[in-house]
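As a plain string of letters, each chain reads:
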Amino acid sequence: MVTDNEMKTLIKSQQGEINAVLMYQALARVVKDRQDAEAFLRLAADEGRHGAVFKEITGKALRPKKTRAILLPLLYRILGKKRLYPLIAQGEYAALDVYGPFVERFPTVQSVKDDEKRHGDTVMGLL
């Protein structure tokens, strides 16, 4: 049985993952470096799979919100990659703490958690 608080966290996580699909796709369109664009497209695909993992748990079909997909390309133009990429990586690493408590009850979340660590490392590696 999933508690109300757990369900809220799971739905919030699911929403974040599907929002990240649009965000990474949008970044891939505006970044100057082709290697960065390719990496962001791979991350977008992973985030889509993550959303599906959470959908299996929550049973909810959510729609992505475009806020980050609009905001991050603007921030890329304003801040540049040296200041923006660490912020993106920080968000990926923060998910580790959120997802950790769910791994035992929902083993499929482990692969998502592992990917988030790799995503943070990937984004930092682009610097």
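Residues numbered from 1 in each chain as written. Predicted model: local features only at pLDDT ≥ 70, side-chain atom pairs only at ≥ 80, totals over all residues. Heavy atoms only, no water.

On the surface, a nonpolar cluster with roughly 320 Å² of combined accessible area is contributed by Ile70, Leu74 and Ile78. Within the fold, Leu74 resides in helix H3 (residues 67-79). Take Leu74: its relative accessible area is 44%, and that puts it in the partly exposed class. (Patch = residues over 30% accessible without salt bridge, like charges linked within 9 Å, V, L, I, M, F, W, Y side chains within 5 Å. Areas by Shrake-Rupley, 256 points an atom, 1.4 Å probe, with all protein chains shown as cover. Salt bridge = Lys/Arg side-chain N within 4 Å of Asp/Glu carboxyl O. Helix = DSSP H or I, 4+ residues; strand = E, 2+ residues; numbered from the N terminus. Buried < 20%, exposed > 50% of the residue type's maximum accessible area, 1.4 Å probe, protein only.)

Summed over the entire model, instances satisfying the criterion amount to seven salt bridges. As a salt-bridge pair, Glu6 and Arg105 come within 2.6 Å of each other at their nearest N and O atoms. Of the two residues, Glu6 sits in helix H1 (residues 4-30) while Arg105 sits in the loop between helix H4 (81-99) and helix H5 (109-125), which places them 99 residues apart along the sequence. Relative accessible area serves as the criterion here: at 21%, Glu6 is assigned to the partly exposed category. Note on Arg105: relative accessible area 41%, which makes it partly exposed. Here Asp121 makes a salt bridge to Lys117, at a shortest N to O gap of 2.6 Å. Taken together, the residues span about one helical turn, with Asp121 and Lys117 both in helix H5 at a distance of four residues. In this structure Asp121 comes out as partly exposed when scored by relative accessible area, which is 35%.

Tyr24, Leu27, Phe40, Leu84, Tyr85, Ile88 and Val123 are the most contacted members of the largest nonpolar core, which totals 20 residues. For this core, the element with the most residues is H1, which contributes six residues. Counting residues in each nonpolar core, the second largest holds 11 residues, with Tyr99, Val103, Val109 and Val112 among its members. (Core = buried A, V, L, I, M, F, W, Y, C linked by side-chain atoms within 4.5 Å.)

As for its position among the elements, Glu92 is in helix H4. Despite being buried, Glu92 has no salt bridge partner; Arg68 is the closest side chain of opposite charge, sitting 7.1 Å away. Other than its neighbours up to four places away in sequence, Glu92 contacts Tyr24, Glu47, Glu116, His119 and Gly120. (Lys, Arg positive; Asp, Glu negative; His and termini not counted. Contact = heavy atoms within 4.5 Å.)

So, on to the packing of helix H2 (residues 34-58) against H4. The interhelical angle for the contact between H2 and H4, taken along N-to-C directions, is 20 degrees, at an axis separation of 15 Å. When the axes of H2 and H4 are compared, the pair comes out roughly parallel. You can see that H2 and H4 cross each other, and the crossing is left-handed. Residue-level inspection shows Asp36, Phe40, Glu47 and Phe54 of H2 in contact with H4, the latter providing Lys81, Tyr85, Glu92 and Tyr99. A per-class count over the contact of H2 with H4 returns four nonpolar, no polar and four charged. (Axes fitted to C-alpha atoms, helices over the stretch in contact; angles between N-to-C directions. Parallel < 35°, antiparallel > 145°, perpendicular 65-115°, else oblique. Left-handed = near helix turned anticlockwise from the far one by under 90°. Nonpolar A, V, L, I, M, F, W, Y, C, P; charged D, E, K, R; others polar.)

In total, this model carries five aromatic pairs according to the counting rule given. Summarising the aromatic geometry, the rings of Phe40 and Tyr85 are spaced 5.5 Å apart at their centres and angled 85 degrees between planes, so their arrangement reads as edge-to-face. Placement of the pair is Phe40 in helix H2 and Tyr85 in helix H4, with a sequence separation of 45 residues. Like Tyr85, Phe40 is buried. (Phe/Tyr/Trp six-rings, centres within 6.5 Å; stacked < 30°, edge-to-face > 60°.)

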